[in-house]
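Residues per chain, in single letters:
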Amino acid sequence: MAGITLPFSLLIAIATMTTEHLQKQLGLSLPSPLERFTPNWPGAERVTLWVKRDDLIHPIISGNKWRKLSQLLADNAATTQHIVSFGGGFSNHLHALGWCCHQLGIEFTALIRGNYGASPTPMLADLSRWHANIRYLTKLEYKQRDEPDFIAGLRKQYPGALIVPEGGSQQDALAGVQSMLTECQIPFDKIITPVASGATLAGLINGAGIIDGAGMHSSVSARQQVLGIAVLNGVGYLENLVARFLPAKSSCDWQILHQYHHGGYARTSPALLTLCDEMQQEYEIPLEPVYSGKVFYAVKALLAQGAFAAGEQIIIVHTGGLQGARTDPDSRS
Ligand SMILES: *Cc1c(COP(=O)(O)O)cnc(C)c1O
């Protein structure tokens, strides 16, 4: 029996890596800091605020995109020669995955929504530097990205490649997001994150339930709630995206707030841009206006409204993504 067990376990060890091993290989700083945040904002004195600085995990692969990819890469890095994925011209996901593939010696093909051939974004320029294959899809083609026929076509075109959905948002993304939650060694009442594809929020919801059940936090508050800030216009739509990742019954209390998207995905307002500046100038926390800026904006507004109970412990997740805010040097001229 032992003769069979040993080679088999060796085989497993070769075929999969632990996420710890992968983190070391990629030079990531984990766990990320959980910092006290004491802004001079009306209402902030009534609660305790923390920022989970996932933007500091790595200068290139930052934030929730590492969390969402960690399990997938640990499971496949040793056996996969080629990864194919999808995104827009500024995609934080493609940027993170492209860099990981480059570091790990995996061929990477990025399927891009729209044609930036004439003026590549800084993100696309990075992908080129990392030897990714870049293919531009029409918006019509891109719409089919999750359809079985379209995926089957890609499988034929890229035999043996691992095809990763947009945003890295698949079921095993949730495990990595949960690991972020286990790094937060304080009993908290609220944890707040941006919502686009919903996988990050779903990971927090799942994780909060598990941590509850395992009693890992000595005093889980009865009012513990996972709060999502919608970064796009999607009442109902976003709730469905999140729910499709969750078990039918979740004990966790969660909610998405829809008042803080500033007109839609990647839309901004002068007030939002001012807040991003203030966060950098006053608190030395860099934000971008697509995701993390909207979350801090929402927190400031909620504090002013007295939306939190006195004494609450609130964790704001800084999901990173600053590369996406770089502007295209060509478009400025
Ligand atoms: C992709 C992204 C999000 C959204 O995460 P979802 O899991 O798609 O909801 C939030 N913040 C940043 C910085 C991102 O890049």
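- Under the annotation held in an unreviewed UniProt entry, the chain carries the name 1-aminocyclopropane-1-carboxylate deaminase/D-cysteine desulfhydrase and is attributed to Alteromonas oceani.
- The UniProt entry for the chain carries this comment under Sequence similarities (unreviewed entry): "Belongs to the ACC deaminase/D-cysteine desulfhydrase family."

### Examining the side chain of H262
- Mapped onto the fold, H262 is located in the loop between β9 (253-257) and α11 (270-283).
- At 2.8 Å, the side chain of H262 forms a polar contact with the side chain of S269.

### A closer look at the domain arrangement of the chain
- Domain boundaries assigned for the chain yield domain 1 (8-60 + 170-331) and domain 2 (65-168).
- The gap between the C-alpha centroids of domain 1 and domain 2 is 24 Å.
- Counting residues at the interface gives 39 residues for domain 1 and 28 residues for domain 2.
- Of the roughly 2,700 Å² buried between domain 1 and domain 2 on both sides combined, carbon and sulfur atoms contribute 60%.
- Joining domain 1 to domain 2, the criterion identifies three salt bridges.
- The partner of D54 in a salt bridge is R67, and the shortest N-O contact between them spans 2.8 Å.
- Where domain 1 meets domain 2, there are eight residue pairs in polar contact (both at pLDDT 80 or more).
- Looking at the side of domain 1 that touches domain 2, the elements that each hand over two or more residues are α1 (2-15), α2 (19-26), α8 (173-182), α9 (199-214) and α13 (329-332).
- Its residues assigned to classes, the side of domain 1 that touches domain 2 shows 16 nonpolar, 16 polar and seven charged.

### Quick notes on the confidence of the model for the chain
- Averaged over every residue, the pLDDT of the chain is 91; the share at 70 or more is 90%.
- Note that pLDDT drops below 50 for residues 329-333; the model gives that stretch three contacts with residues more than four away or on any other chain.

### Quick look at the side chain of T193
- Mapping T193 onto the fold places it in strand β7 (residues 190-195).
- Exposure remark for T193: the relative accessible area of 0% places this residue in the buried category.
- Residues contacting T193, with those up to four places away along its chain left out, are T200, L201, L204, L227, G228, I229, V295, V317 and T319.

### Things to note about the packing of aromatic side chains
- Under the criterion given, the structure shown has seven aromatic pairs.
- The interplanar angle of 85 degrees and the centroid separation of 5.4 Å between the aromatic rings of F37 and Y283 together place this pair among those described as edge-to-face. Highlighted residues: F37 in strand β1 (residues 34-37) and Y283 in helix α11, separated in sequence by 246 residues. The pair formed by F37 and Y283 is uniform in burial state, with each residue classed as buried.
- Considering the side-chain rings of F90 and Y116, the 6.5 Å spacing of their centres and the 85 degrees angle between planes classify their relative orientation as edge-to-face. Here the residue F90 occupies a position in the loop between β3 (82-87) and α4 (92-104), and Y116 occupies one in the loop between β4 (107-113) and α5 (122-129), the gap between them amounting to 26 residues.
- Using a relative accessible area of 38% as the deciding quantity, one classes F90 as partly exposed.
- What links up through ring pairs into an aromatic cluster is the set F37, W41, Y283 and F296.

### Observations regarding unusual backbone geometry
- P31 follows L30 through a cis peptide bond whose omega is -5 degrees.
- By the secondary structure assignment, P31 is in the loop between α2 and β1.
- Unlike most non-glycine residues, H131 shows phi in positive territory, near 65 degrees.
- Take H131: it is sitting in the loop between α5 and β5 (133-137).
- One non-glycine residue with positive phi stands out, namely H262, at about 55 degrees.
- Judged by relative accessible area, which is 18%, H262 ranks as buried.

### What to know about the environment of Y260
- Within the secondary structure, Y260 sits in the loop between β9 and α11.
- Judged by relative accessible area, Y260 falls into the buried class, the value being 6%.
- Considered as a pair, Y260 and V231 are 29 residues apart in the sequence and their alpha carbons are 7.0 Å apart.
- For Y260, the residues in contact, after removing those within four places along its chain, are I229, A230, K294, Y297, A298, A301, L302 and Q305.
- A polar contact is formed between the side chain of Y260 and the side chain of Q305, at a distance of 3.3 Å.

### Topic: the sheet that holds β7
- If you walk across this open sheet you meet the six strands as β1-β2-β10-β7-β8-β9, and the pairing is mixed. Edge positions in the sheet fall to β1 and β9, since each has one partner strand and no second. Each neighbouring strand pair of the sheet contributes to a mean axis angle of 25 degrees, computed without reference to strand direction.
- In terms of strand pairing, strand β8 (residues 225-230) meets β9 through five bridges, oriented parallel. By the bridge assignment, G228 is partnered in β9 with I256.

The rules behind these values
Residues numbered from 1 in each chain as written. Predicted model: local features only at pLDDT ≥ 70, side-chain atom pairs only at ≥ 80, totals over all residues. Heavy atoms only, no water. UniProt positions renumbered as here; feature names shortened; annotations may be inferred. Helix = DSSP H or I, 4+ residues; strand = E, 2+ residues; numbered from the N terminus. Polar contact = N/O pair within 3.5 Å; in protein donor to acceptor, adjacent residues only side chain to side chain. Domains from an automatic or database assignment. Contact = heavy atoms within 4.5 Å. Buried area = accessible area lost by both parts, 1.4 Å probe. Salt bridge = Lys/Arg side-chain N within 4 Å of Asp/Glu carboxyl O. Nonpolar A, V, L, I, M, F, W, Y, C, P; charged D, E, K, R; others polar. pLDDT = per-residue confidence, 0-100. Buried < 20%, exposed > 50% of the residue type's maximum accessible area, 1.4 Å probe, protein only. Phe/Tyr/Trp six-rings, centres within 6.5 Å; stacked < 30°, edge-to-face > 60°. Pairing = 2+ DSSP bridges. Axes fitted to C-alpha atoms, helices over the stretch in contact; angles between N-to-C directions.

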